[in-house]
Amino acid sequence: MHVMIFGCGFSGTAIAKAFAGDGVRVSGTTRSAEKMEALRRAGIEAFLFDGGTLEEQLVRALANVTHLVQSIAPGKADPLLRLLDKDGASLLPRLEWIGYLSTVGVYGDHKGAWVDEEIPCVPVSGRSKERLEAEEGWLAMGARRGVPAAVLRLSGIYGPGRNAFCNLEKGTARRLIKKDQVFNRIRVEDIGAAARFLSERGLGGIYNVTDDQPGPPQDVIVEAARLMGVEPPPEQAFETAELTPMARSFYGENKRVSNAKLKAAGFRFSFPNYSMSLAQLWQDGRWRG
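Residues numbered from 1 in each chain as written. Predicted model: local features only at pLDDT ≥ 70, side-chain atom pairs only at ≥ 80, totals over all residues. Heavy atoms only, no water.

Here we come to the packing of helix α1 (residues 10–19) against helix α7 (residues 188–200). For any two helices packed against each other, one specifies the inter-axial angle together with the distance between the axes. The N-to-C vectors of α1 and α7 enclose an angle of 55°; their axes lie 8 Å apart at closest approach. The pairing of α1 with α7 is recorded here as oblique in orientation. Once α1 is placed against α7, the crossing between them reads as right-handed. Each of Phe10, Ser11, Ala14, Ile15, Ala18 and Phe19 in α1 lies in contact with α7, whose residues at this interface are Val188, Ile191, Gly192, Ala193, Ala195, Arg196 and Ser199. (Axes fitted to C-alpha atoms, helices over the stretch in contact; angles between N-to-C directions. Helix = DSSP H or I, 4+ residues; strand = E, 2+ residues; numbered from the N terminus. Parallel < 35°, antiparallel > 145°, perpendicular 65-115°, else oblique. Left-handed = near helix turned anticlockwise from the far one by under 90°. Contact = heavy atoms within 4.5 Å.)

Attention shifts here to the nonpolar core. Core analysis: the biggest nonpolar cluster contains 30 residues, and Ile5, Ile15, Leu152, Ile191, Leu198, Val209 and Leu262 have the highest contact counts within it. Looking at which element gives the most residues to this core, the answer is α7, with 6 residues. Ala61, Leu92, Leu95 and Trp138 belong to the second-largest nonpolar core, a separate cluster that totals 27 residues. (Core = buried A, V, L, I, M, F, W, Y, C linked by side-chain atoms within 4.5 Å. Buried < 20%, exposed > 50% of the residue type's maximum accessible area, 1.4 Å probe, protein only.)

Once that is clear, we can look at unusual backbone geometry. Backbone geometry at Lys111 places phi at a positive 55°, although glycine is not the residue there. Within the element layout of this structure, Lys111 appears in the loop between β5 (97–103) and β6 (114–115). Residues other than glycine seldom take positive phi values, yet Asp180 does so here, at roughly 65°. Along the polypeptide, Asp180 turns up in the loop between β9 (175–177) and β10 (185–187). Residue classification places Asp180 among the exposed positions, given a relative accessible area of 56%.

This paragraph deals with the sheet that holds strand β2 (residues 25–30). The strand order across the open sheet formed by 7 strands is β3-β2-β1-β4-β5-β7-β11, and the pairing between neighbours is parallel. Edge positions in the sheet fall to β3 (45–48) and β11 (205–209), since each has one partner strand and no second. For this sheet, the mean angle separating the axes of adjacent strands, direction not counted, is 20°. The pairing of β2 with β3 spans 4 bridges and is classified as parallel. From the neighbouring strand, Thr30 faces β3, where its bridge partner is Leu48. (Pairing = 2+ DSSP bridges.)

Moving on, we come to α1. With 7 of 10 residues buried, α1 lies mostly within the body of the structure. For α1, the full list of buried residues reads Ser11, Gly12, Thr13, Ala14, Ile15, Ala16 and Phe19.

We now examine the side chain of Asn208. Inspection of the secondary structure puts Asn208 in strand β11. Judged by relative accessible area, Asn208 falls into the buried class, the value being 0%. Side chain to side chain, Asn208 and Tyr107 meet in a polar contact 2.6 Å long. Within polar-contact distance, the side chain of Asn208 engages the backbone oxygen of Ser258 at 2.9 Å. Beyond its immediate stretch of four places on either side in the chain, Asn208 contacts Tyr107, Val115, Asp116, Glu117, Arg153, Val257, Ser258, Asn259 and Leu262. (Polar contact = N/O pair within 3.5 Å; in protein donor to acceptor, adjacent residues only side chain to side chain.)

Below, the structure written as structure tokens:
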């Protein structure tokens, strides 16, 4: 087995660790030479990919890839789909499974109601519209190649090195209050486990990879502060808070995302809710990464 992860960042590295084992070659791409060294330290064979061209070394590696994971945000179009559309069959002759990391943002705003994979998507932001187009492109490529293509729709990602504890320690945590606002989250290790689970069973289609506990974002900050034994930051009204346009746009979508389909397939989350997950991170001592 040869797993190639395009865009091997926070989630991609967790997927690499989930697949790692005897007889598995794990590779990943990054944009910078400095990050290549970090991937190598994590036991991942590193390649440069700028989103524009496939270098010869990378092309040679693709010839043996059996499992392809795409984690790069699309921009105006998916950079990898554009390159593979022409000669994907010759570049990836041994392909057995495709995984595409998307976002629950494709659902748009549902005013706090529950959504699942069957509900029509009404994306609000431009980036979510681009994700939806990329999803369709990867599902179509899987159909053309006759291999399962799984779309993993991810909610707010956190884990060691990226969490409310880190934000509290840095002084960047904010307790924004917007009436009835909820978000789902997902622990990064569960993303890795879900990708491996779907690939091992040869499953394609769309899956929400998200926790069981949609809740107000300020509650997560309060719980992390309680575990740390520190005072949470003061409450701020969302309407008057200074926010970047991107941060404000996240609050324009309100929904509760169901993971029932993935569970029905047999997957079990190691971190099904943020309460137990934060407690584990704090007790484990690895919350800084």
